[in-house]
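Descriptive analysis of the structure
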Amino acid sequence: MLRLGHRRQQGRGPPGHGGGRSGHVQRCGGLRGRAGVRWSDLKAAFATGEDAVPDPNASGGTTTSIVLTNKSSRTCTIGGFAGVDLRPDAGGPSWSLARSSAKHGSITLGPGDSTDFTLNLGMAKENDEGSWKPATVAVTPPNETTALTLKWPWGPLVHQDGATHPATFVNPIG
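These notes cover the structure that comes with them.

Definitions and cut-offs
All residue numbers refer to positions counted from 1 along the written sequence of the respective chain. It should be noted that, the model being predicted, local features are given only for residues of pLDDT at least 70 and side-chain atom pairs only at 80 or more, the latter also being counted only at that level, while totals for whole chains, interfaces and linings use all residues. Each side-chain value is derived from all of the structure's non-hydrogen atoms; neither hydrogens nor water enter the calculation. Salt bridges are identified by distance alone: a Lys or Arg side-chain nitrogen within 4 Å of an Asp or Glu carboxyl oxygen. Helix and strand assignments come from DSSP, with helices taken as H or I runs of at least 4 residues and strands as E runs of at least 2, each series counted from the N terminus. Throughout this description, buried means an accessible area under 20% of the type-specific maximum (1.4 Å probe, protein chains only), exposed means over 50%, and partly exposed covers the range between. The nonpolar core is taken to be a set of buried Ala, Val, Leu, Ile, Met, Phe, Trp, Tyr and Cys residues, with the residues joined through side-chain atoms within 4.5 Å. For this analysis, residues touch if any pair of their heavy atoms sits within 4.5 Å.

**Here's the deal with the pattern of salt bridges**
Side chains bearing opposite charge may pair, as long as their charged atoms lie close to each other. In this structure the tally under the stated criterion is 1 salt bridge. The partner of R74 in a salt bridge is D41, and the shortest N-O contact between them spans 3.4 Å. One end of the pair, R74, is in the loop between β3 (62–70) and β4 (76–79); the other, D41, is in the loop between β1 (26–27) and β2 (42–46), and 33 residues separate them in sequence.

Written out as structure tokens, the structure reads:
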């Protein structure tokens, strides 16, 4: 398994097994001033398709996925948790989603390759007490400060931004 920010030598097996070095893998995203594929080289989108759309009638919770695609010409690695902030339409405070307790690794993306991460969602009905509908979702990758903004395509959520164990949270990439 590759670690975020580490190089992988292509054309080699495990260490000590010979083979030539023909290149290395860069980080997807990364801290400013370091070499690597920039967050701007990634595309983010909600997964579409019948089984990817959250069930607005789900009582208790449902999930959706955000797909990250490497749109650069270089191979890169990405792993960890994306920062996910739900933002309202008319200003006001954002809701920064809590992270799950799931373990994470990293994944290598070649040019045009994609990976995803899931959001667990506590859906609400329109006008339910405690419901809140975000207008946009800001997705920030690990080790970055710049977010990509996606339009929120579904209905309201149960607003639990101060909850200890909210029904809406983010899972690791990959």
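Let us keep going from here.
**Quick word on unusual backbone geometry**
Here the phi dihedral of N127 falls at roughly 70 degrees; this positive angle occurs in a residue that is not glycine. Positionally, N127 belongs in the loop between β9 (114–121) and β10 (131–132). The phi torsion at N143 lies on the positive side, around 65 degrees, for a residue other than glycine. Relative to the assigned elements, N143 resides in the loop between β11 (136–140) and β12 (148–151). N143 sits in the partly exposed class, given a relative accessible area of 38%.

**Details of the nonpolar core**
Counting 28 residues, the largest nonpolar core has I66, L86, F117 and L119 as its most contacted members. Listing elements by their share of this core, those giving two or more residues are β2, β3, β4, β5 (83–87), β9 and β11. Each residue touching L119, except ones within four places of it in the same chain, is listed here: F46, T62, T63, T64, I66, V84, L97, F169, V170 and N171.

This is a description of form; function is not addressed.
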